[in-house]
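# Architecture at a glance
Read off the chains here:
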Amino acid sequence: MLNACCVSESCLESLAVAVEECLAADSFVDAMTVLPSVVSPLDGAQLVQMVVKSHKQAIVLCDTIITTQGFINKCAAPFEEIMDEKARKDMKMNSSMFADLSDKRSLMGATGDESQSRKEERKKKAAATSKSGGGTQGREVRSKAVKNKFKGRGGANKDSDDEDTPPVAATSKTLVFLRLPEIVEVIEKLPQLKDCSSVMYEEIAARLERPLRNKYQEIAKSLFMESSAITPGGVNKRKQQAELEEKVNALYSNIKLFEKSVKLIADDEDLQTNLAKYLLKTLCSELFNATLTSLAADHMVTIPDGAFDTLEGRAKIISNLPDSIKDVTGKVHTSLNGKSLEAFDEALLTLLSPKHIGILLKKSDKKRDRQIQFNHRMTLIEQLKSENADGTGDAATVFHQCVVVLFGVVTQSMLHCSGRMIPQIVKYMQPHLSADNYDLIFTCQDLIIQQVKGNIPADDERLLDSLDKVKQLAFTLKKSESFATA
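Bear in mind that the values here come from a model prediction, so they are computed numbers and not experimental data.

Another aspect to go through is the overall build of the protein. Helix and strand counts for the protein stand at 20 helices and five strands. Sequence-distant contacts in the protein: of pairs separated by 6 or more residues, those separated by 24 or more amount to 65%. On the protein, roughly 28400 Å² of surface is accessible, and the fraction owed to carbon and sulfur atoms is 51%.

The subject of this paragraph is the confidence of the model for the protein. For the protein, mean pLDDT is 79; residues scoring 70 or higher make up 76% of the total. Here residues 129–172 scores under 50 on pLDDT; set against residues more than four positions off or in separate chains, the count is 39 contacts.

Moving on, we come to the pattern of salt bridges. In the structure shown here, the tally under the stated rule is seven salt bridges. Taking the shortest distance from any N to any O, the salt bridge between Lys263 and Glu259 comes out at 3.7 Å. Here Lys263 pairs with Glu259, and both are found in helix α11 (residues 235–264), just four residues apart, close to one helical turn. For Lys263, a relative accessible area of 51% puts it in the exposed group.

For the rest of this paragraph, the subject is the sheet that holds strand β2 (residues 59–61). Backbone-to-backbone hydrogen bonds pair the strands of a sheet. The strands run either parallel or antiparallel. Reading across the sheet, the three strands line up as β1-β3-β2 and stay open at both edges, with antiparallel pairing between neighbours. Two strands lie at the open edges of the sheet, namely β1 (28–30) and β2, each paired on one side alone. Here the average twist between neighbouring strands, direction ignored, is 25°. Where β1 lies against strand β3 (residues 65–67), three bridges are found, and the strand directions are antiparallel.

So, about unusual backbone geometry. Look at Asp26: it is not a glycine, yet its phi comes out positive at around 50°. Positionally, Asp26 belongs in the loop between α1 (9–24) and β1. Residue classification places Asp26 among the partly exposed residues on the basis of a relative accessible area of 29%.

Our next topic: a positive patch on the surface. On the surface, Lys260, Lys366, Lys367 and Arg370 cluster together into a positively charged patch. Broken down by element, the residue count for the positive patch peaks at three residues, all from helix α16 (residues 366–386). When you line up the elements, Arg370 lands in helix α16. Taking relative accessible area as the criterion, Arg370 reaches 54% and is therefore assigned exposed.

Looking at helix α18 (residues 422–429), one finds that the buried residues are Ile422, Ile425, Val426, Tyr428 and Met429. All buried residues of α18 fall inside an arc of 160° around its axis, so they share one side.

Turning to the nonpolar core, a few remarks are in order. Membership of the largest hydrophobic core comes to 77 residues, with the highest contact counts inside it found for Leu275, Cys284, Leu351, Phe399, Ile425 and Met429. The element best represented in this core is helix α12 (residues 269–298), accounting for 13 residues. Counting residues in hydrophobic clusters, the runner-up holds 30 residues, among them Ile59, Cys196, Met200 and Ala205.

Mapped onto the fold, Leu360 is located in the loop between α15 (341–352) and α16. Each C-alpha atom, one on Leu360 and one on Leu349, is 9.6 Å from the other, the two residues being 11 residues apart in sequence. Ignoring sequence-local partners within four residues, the contact set of Leu360 consists of Glu245 and Asn249.

Axis angle and axis distance: for two packed helices, these are the angle between their axes and the distance between the axes, and together they describe the pair. Where helix α14 (residues 323–336) meets α15, the closest approach of the two axes is 9 Å, and the angle between their N-to-C directions is 155°. In terms of their interaxial angle, α14 and α15 are classed as roughly antiparallel. Here α14 and α15 pass one another in a crossing that is left-handed. Mapping the contact onto sequence places Ile325, Val328, Thr329, Lys331, Val332, Ser335 and Leu336 in α14 and Ala343, Phe344, Ala347, Leu348, Thr350 and Leu351 in α15. Along the lines of polarity and charge, the residues of the contact of α14 with α15 split into nine nonpolar, three polar and one charged.

Per the counting criterion, the structure on display carries zero disulfides. With no disulfide of its own, Cys444 has Cys402 as its nearest cysteine by sulfur position, at a separation of 7.4 Å. Relative accessible area serves as the criterion here: at 0%, Cys444 is assigned to the buried category.

Quick notes on the rules
Residues numbered from 1 in each chain as written. Predicted model: local features only at pLDDT ≥ 70, side-chain atom pairs only at ≥ 80, totals over all residues. Heavy atoms only, no water. Helix = DSSP H or I, 4+ residues; strand = E, 2+ residues; numbered from the N terminus. Contact = heavy atoms within 4.5 Å. Areas by Shrake-Rupley, 256 points an atom, 1.4 Å probe, with all protein chains shown as cover. pLDDT = per-residue confidence, 0-100. Salt bridge = Lys/Arg side-chain N within 4 Å of Asp/Glu carboxyl O. Buried < 20%, exposed > 50% of the residue type's maximum accessible area, 1.4 Å probe, protein only. Pairing = 2+ DSSP bridges. Axes fitted to C-alpha atoms, helices over the stretch in contact; angles between N-to-C directions. Patch = residues over 30% accessible without salt bridge, like charges linked within 9 Å, V, L, I, M, F, W, Y side chains within 5 Å. Lys, Arg positive; Asp, Glu negative; His and termini not counted. Charge placed at Lys NZ, Arg CZ, Asp CG, Glu CD. Arc of directions from axis to C-beta. Core = buried A, V, L, I, M, F, W, Y, C linked by side-chain atoms within 4.5 Å. Parallel < 35°, antiparallel > 145°, perpendicular 65-115°, else oblique. Left-handed = near helix turned anticlockwise from the far one by under 90°. Nonpolar A, V, L, I, M, F, W, Y, C, P; charged D, E, K, R; others polar. Disulfide = S-S within 2.5 Å.

See below:
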């Protein structure tokens, strides 16, 4: 006997069979489609409760729809791809939200705050409870504040403890995946839920909301850890910062030493400009790229493959940085496209200052600079000794290295130049070399130009002999033997 009708045992058995089949297949069934049409939704809900008592895994939706947790989990499958995409997008657009992901409290959200609030509330209540009277028979009295009769109906029914405890709101750092209406929009498109009621969509979405949020937070945390290379103790981050500082200092020291040779060539403005541009496009760009890579990691900006190969690619990375760092970073990027080493130096020092990146540059040290110059020269000499110029090696590269070594001897400075500048460098060194040494270098240069043009073979005896003599000159020339005609 039900509220509006009576049903036989066979109806109840039919519903029980339908429920068992549904649970076995991880599907869902609406009891109203199994029961006779005279059964009202209210009576159907009553019958459903009678049947599901013996099935602990059954979940009831909309009072008359029976399903399982497995079926609800299947409805969550389409969200996995959305989670990864949204997490990466949020890392780019809302980097500040991810800044404290390494702190577990940022992933706890309101739950942790509410737990702490309840603990504090119990302490307050305990403190407000006191004993009246003397001895062990004193009565326990709880003091209450006088209710404010002028408050609204909602507030008039609350005691002082409730009034003193402010409502707990979710922390602003809680990572939110999708709101309930957004989850419903995705669920509505699932083929297994076609033609279902909007109420069922909402109930499934409500059951999925919390698991989806927790899973999204885990994915976001994983991506953050991977992107910033942070371990629980932050060891990797500190190590990376130390490595960056070491690399920046090494490159900056070399750049300043190469800059000295650029300033030496004041008589040839065209060569001086070309040397400055080449230094900016090579070592200066390498230094800035290393710095920009670290900045991008700190602010969760993804760097596509080959982004540093073009100016546009690097500019796009800068455009995704926060406004607080974007302008100063852009000035360094702009200076690399110019011809002024001073402009680059000024913009770089601003970027590396404690206000922005906080990398401390080592002060210039003459002893260290001499050691760098010596190491640079010895590295080139070792490369020359290992070069094979008997036809299998590159004569132009060997000659290039010889000229750089000779330039360092006659000027006591380090040179960083491209192969196209070698003829101008040779011409610049002419006043600083004896006539015989200059003729030897110039003759070798002329033979290499002919070999590059294809006028003579790579194994030409004159070329190999001349190149070998220039190599020996690079090995043996002393400072006292230069400036012969100066």
